[in-house]
Number of protein chains: 2
Amino acid sequence: MLDERKLAVLRAIVEDYVSTTEPVGSKSLVDRHGLDVSPATIRNDMAILEEQGFIAQPHTSAGRVPTDKGYRLFVDRLSAVKAMSGAERRAIEAFLSGAYSLDEVVARTVRLLAQLTRQVAVVQYPSLSRSAVRHIELVSVAPRRLLLVLITDTGRVEQAVVDLPEDATPEAVAHLRAVLNACLDGHKLAEAAASVTGLADRIPVPERANAGAVFSVLLDSLAERTEERIVFGGTANLSGPDFGMGLRDVLEALEEQVVLMRLLGESAEPSALTVRIGAETGLSGASVVSAVYGADGHPLAKLGVLGPTRMDYPSTMGAVRAVARYVGRILGES
Amino acid sequence: MLDERKLAVLRAIVEDYVSTTEPVGSKSLVDRHGLDVSPATIRNDMAILEEQGFIAQPHTSAGRVPTDKGYRLFVDRLSAVKAMSGAERRAIEAFLSGAYSLDEVVARTVRLLAQLTRQVAVVQYPSLSRSAVRHIELVSVAPRRLLLVLITDTGRVEQAVVDLPEDATPEAVAHLRAVLNACLDGHKLAEAAASVTGLADRIPVPERANAGAVFSVLLDSLAERTEERIVFGGTANLSGPDFGMGLRDVLEALEEQVVLMRLLGESAEPSALTVRIGAETGLSGASVVSAVYGADGHPLAKLGVLGPTRMDYPSTMGAVRAVARYVGRILGES
DNA sequence: ATTAGCAGTCACGGCGTTCGAGTGCCAGGG
DNA sequence: CCCTGGCACTCGAACGCCGTGACTGCTAAT
């Protein structure tokens, strides 16, 4: 149905369009690529490709432009991820290594990814529930109010205020802290739910009410907030007339955590690199290249870039993959 | 030199231009405002205002547009801050009260300010060095590595990694923690520099090297990072052809912490409301309305909005002032 | 199956015209 | 002296009108 040459034509169209931003015609196609056939032949191929929905023409007597379906085929079968050069890889590593806190790592990752791809970078903080607890701290700020600070092995620090039903003595707080740490240290928060329920037994009855409040904050409030921390950067790369929708809509979408979540993909399938194209993203005219990053083989969160459907997929995918790897490595070390 | 009517004309020009986005002519001026004179008279006044540099015409035979100098005069002498309505004030308070952590407070403030003013909101985190220390926590993550967590009375939590010159025993860490807390609790970090130097005496000699490392991180690394945390939002409000410079430049500027700092103003003069217009901001075509916010009378940090020079100053100033007040109040409570 | 040739389409850019808002100036009147 | 009505003038925006060129699709020949 689609012979070798037609695929080559589609590939050439995508590549040319991506680099020139202009509809590509049959003549310039044969000129630029080493196709040994005449423009007329290409035209016939293009007619078929159009019929099948891989390309379209903005108006009669203009060149062809890839459709979402065309990009899809290109990404799936016609292109290979372009690996980063050695120099680039070293630069990435050097840039990320300089960070001294999780916030810093994430901030740098965003900058790096945006600069590397010249697009909008989106980075999700390592999931709390999938990280292991390193330390839990309780600080009294009022007789009936505690500040709960959770430190994970990825260096993430989360805080939450706990309102207690009863006054708590410093001793009770210290005890609770000790019990929590003893029980949760080194475990993942997701697995902790089970152990915490049995934990109540170790708490003297008069303090159980307070302990319950702390547990519920730890499990509900923190775990819920968990996935929701996503930052982005590089919005300046949103140049003019890209994107079918207005630039304004894109900016609005980026400021909605919910939308950002969806862009990175709800399902955390472990596949390394995900490409969502055009309508698949929910933003018309936009594509998202995302990857899962993690340390020691288990996934922590996602990161990716958002750009116009017409983007350089091979390079972008290479950059995203490389950055995801290094971020995982850095977080695994700390 | 500028009689009452000329000032009224300038005020009218600013108001009309702000609301219509179009150069305003003499005729529409007398129509819309209740001026009891003829257009010709207004034209004469306008000629004088132009001569003095308060207004300009984009091209011959077009209406007049305020210059930076014109806006300046308008803000300083011709307008009054427009107070928020009771309903609006209640809404602000309700929206901000729902936050349960400092991050949340700041995030909500940004959203709120952006929505209220329909412009880009910029909020600086409460200054660390001007906040009082509530608690310091040290967590061993490796024999020669500590995680230093600092909790302030404004609810801000800062972390930093400390690399130790020598191995530290758990007892030594506990001791150091106790000393730090005893000495710094309730004090401002800025004042702490002095007390910390004397503090070394209380540390047994073998641990001094490690203690020194912790101190220096606390004072240098944390205190420096301190002012630099500024977030912004509402970039979707950057509509099209505002701003003399390209939209891209504005977005780029917003992603530079340094530029954000400058926008909010280096000098922390305690004056409540600052308006910087046009060239004064460093961004051509942009204005910044900013305010200091603080709790219990002492300043913590700044916040403000960035918009086109042609903005509704009275309303914007009202919104900024109101939000600054409520944020200060909320942070004072916690 | 490919190719050359040809007629047809249509966006784009340049050009001249019109239209109208708005100005500056001047002379007359309170 | 300040205000006003009148008038000629200016100039950008909008409109319409080509000519141009880059395409295409079709057909007939190889």
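Our structure is the block above this text.
Fair warning: this is a prediction, and the values are worked out from it, not measured in the lab. Sequence order as written defines the numbering, with residues in each chain counted from 1. The naming scheme follows written order: chains are lettered A onward, ligands numbered 1 onward. The predicted nature of this model means local features are confined to residues of pLDDT at least 70 and side-chain atom pairs, given and counted, to a pLDDT of 80 or more, with totals for whole chains, interfaces and linings taken over all residues.

K.L.:
I keep staring at the overall build of chain A and nothing clicks. Help me out?
P.N.:
Note on conventions: DSSP H or I runs of at least 4 residues are helices, E runs of at least 2 residues are strands, and numbering of each starts at the N terminus. Helix and strand counts for chain A come out as 12 helices and 10 strands. Computed over its C-alpha atoms, the radius of gyration of chain A comes to 26 Å, more than 25% above the 20 Å expected for a compact globule of 334 residues. By its C-alpha atoms, chain A is 90 × 35 × 35 Å across when sized along the principal axes. Here a residue counts as buried when 20 or more other C-beta atoms sit within 10 Å of its C-beta, as exposed when there are 12 or fewer, and as partly exposed otherwise, the C-beta atoms being derived from the backbone. Relative to its full complement of 334 residues, chain A shows a buried share of 43%. When contacts within chain A are restricted to residue pairs at least 6 apart in sequence, those whose partners lie at least 24 apart make up 63%. All radius of gyration figures rest on C-alpha atoms, and the globule criterion is 2.2 Å times the number of residues raised to 0.38. Residue pairs qualify as contacts under a 7 Å threshold applied to their C-beta atoms, which are placed from the backbone.

K.L.:
Quick question: what am I supposed to make of the protein's contact with DNA strand D here?
P.N.:
For each residue, a C-beta atom is positioned from the backbone; the residue is called near a molecule or strand if that atom sits within 6 Å of it. Among the 19 residues in the neighbourhood of DNA strand D, the closest are listed as Gly25 and Ser26 of chain A together with Val37, Thr41 and Ser61 of chain B. Elements supplying a minimum of two residues to the surface near DNA strand D: helix H2 (26-32) and helix H3 (39-51) of chain A together with helix H3 (39-51) of chain B. Looking at the surface near DNA strand D element by element, the count peaks at 4 residues for H3 of chain A.

K.L.:
Looking at this structure, I do not really get the interface of chain A and chain B. What am I missing?
P.N.:
Note: interface size is frequently given as the accessible area lost on complex formation between the parts. On the side of chain B, 22 residues touch chain A, which itself brings 22 residues to the contact. Within the residue set of the side of chain A that touches chain B, elements represented by two or more residues are strand S4 (133-142), strand S5 (145-152), strand S6 (157-163) and helix H10 (247-254) of chain A. In terms of residue count, S4 of chain A provides more of the side of chain A that touches chain B than any other element does, 5 residues in total. Under the scheme applied, nonpolar residues are Ala, Val, Leu, Ile, Met, Phe, Trp, Tyr, Cys and Pro; charged residues are Asp, Glu, Lys and Arg; polar residues are all the others, including Gly. Residue classes in the side of chain A that touches chain B are distributed as 11 nonpolar, 6 polar and 5 charged.

K.L.:
Would you mind showing me how to read the pairing of S5 of chain A here?
P.N.:
Sheet faces and side chains relate simply in a regular strand, where the side chains alternate between the two faces. Residues and elements named next belong to chain A. By the criterion of burial, S5 is predominantly enclosed, with 7 of the 8 residues buried. A pair of strands is considered paired only if DSSP assigns at least 2 bridges between the two. Adjacent in sequence and paired antiparallel, S4 and S5 are bridged by 2 residues. Alignment of S5 against S6, held across 7 bridges, turns out to be antiparallel. In the sheet register, Ile151 faces S6, and the bridge partner there is Val157. Counting the residues in the hairpin turn of S5 and S6 gives 4 residues, including Gly155, whose phi is positive at 85°.

K.L.:
Explanation requested: the relation of the copies chain A and chain B in the structure shown.
P.N.:
Mapping between the two copies of the chain is achieved by a rotation about an axis and a shift along the axis. For the match of chain A to chain B, the screw axis carries a shift of 0.0 Å, the RMSD comes to 0.1 Å, and the turn is 180°. Put plainly, the chains are arranged around a two-fold axis. Both copies share a contact surface, since 100% of the interface residues of chain A are interface residues in chain B too. Superposing the copies works by least squares over the C-alpha atoms of residues that have pLDDT at least 70 in both of them.

K.L.:
What am I meant to see in the protein's contact with DNA strand C here?
P.N.:
With respect to spatial proximity, 20 residues lie near DNA strand C, and among them Val37, Thr41, Thr60 and Ser61 of chain A together with Gly25 of chain B are the closest. Those elements that provide at least two residues to the surface near DNA strand C are H3 of chain A together with helix H2 (26-32) and H3 of chain B. At 4 residues, H3 of chain B tops the list of elements feeding residues into the surface near DNA strand C. Residue composition of the surface near DNA strand C, grouped by class: 6 nonpolar, 11 polar and 3 charged.

K.L.:
I tried to follow the sheet that holds strand S6 (residues 157-163) of chain B on my own but got confused; where do I start?
P.N.:
Across a sheet, strands are paired by hydrogen bonds formed along the backbone, either parallel or antiparallel in direction. All names here are of chain B. The 3 strands lie next to each other as S4-S5-S6, forming an open sheet whose pairing is antiparallel. Every other strand in the sheet has two partners, leaving strand S4 (133-142) and S6 as the edge strands with one partner each. Strand after strand, the sheet turns through a mean of 20° between neighbouring axes, direction not considered. Axes, fitted as lines to C-alpha atoms, cover a helix only where it is in contact. Angles between the N-to-C directions of the axes lie from 0 to 180 degrees. Packed onto the sheet, helix H7 (residues 170-184) meets S4 and strand S5 (145-152) and runs at close to 165° relative to S4.

K.L.:
Quick question: what am I supposed to make of unusual backbone geometry here?
P.N.:
Residue and element names in this part refer to chain A. Look at Thr21: it is not a glycine, yet its phi comes out positive at around 70°. Here Thr21 shows up in the loop between helix H1 (4-20) and H2. Residue class for Thr21 comes out exposed when judged on the 12 C-beta atoms lying within 10 Å of it. Even without being glycine, Arg118 reaches a positive phi, approximately 55°. Assignment of secondary structure puts Arg118 in the loop between helix H6 (102-117) and strand S3 (120-124).

K.L.:
Explain the sheet that holds strand S9 (residues 286-295) of chain B here, please?
P.N.:
Residue and element names in this part refer to chain B. Taken in spatial order, the 5 strands of this open sheet run S7-S3-S10-S9-S8, and their pairing is antiparallel. Because the sheet does not close on itself, it has two edges, and the strands there are strand S7 (230-233) and strand S8 (273-277). Neighbour-to-neighbour, the strand axes of this sheet turn through a mean angle of 20°, independent of strand direction. Taken together, the 5 bridges between S8 and S9 define a ladder with antiparallel strand orientation. Counted as the bridge partner of Leu273 is Ala291 from S9.

K.L.:
Explain the packing of helix H5 (residues 86-97) of chain A against H6 of chain A here, please?
P.N.:
Residue and element names in this part refer to chain A. With their axes 9 Å apart at the nearest point, H5 and H6 run at an angle of 150° to one another. With respect to each other, H5 and H6 are oriented roughly antiparallel. When you trace H5 past H6, the crossing you get is right-handed. Contacts from Ile92, Phe95 and Leu96 in H5 reach Val105, Arg108, Thr109 and Leu112 in H6. In what follows, roughly perpendicular refers to angles from 65 to 115 degrees, roughly parallel to angles under 35, roughly antiparallel to angles over 145, and oblique to any angle outside these ranges. Crossing handedness follows the turn of the near helix against the far one: under a right angle anticlockwise gives a left-handed crossing, and clockwise gives a right-handed one.

These figures capture arrangement, not role.
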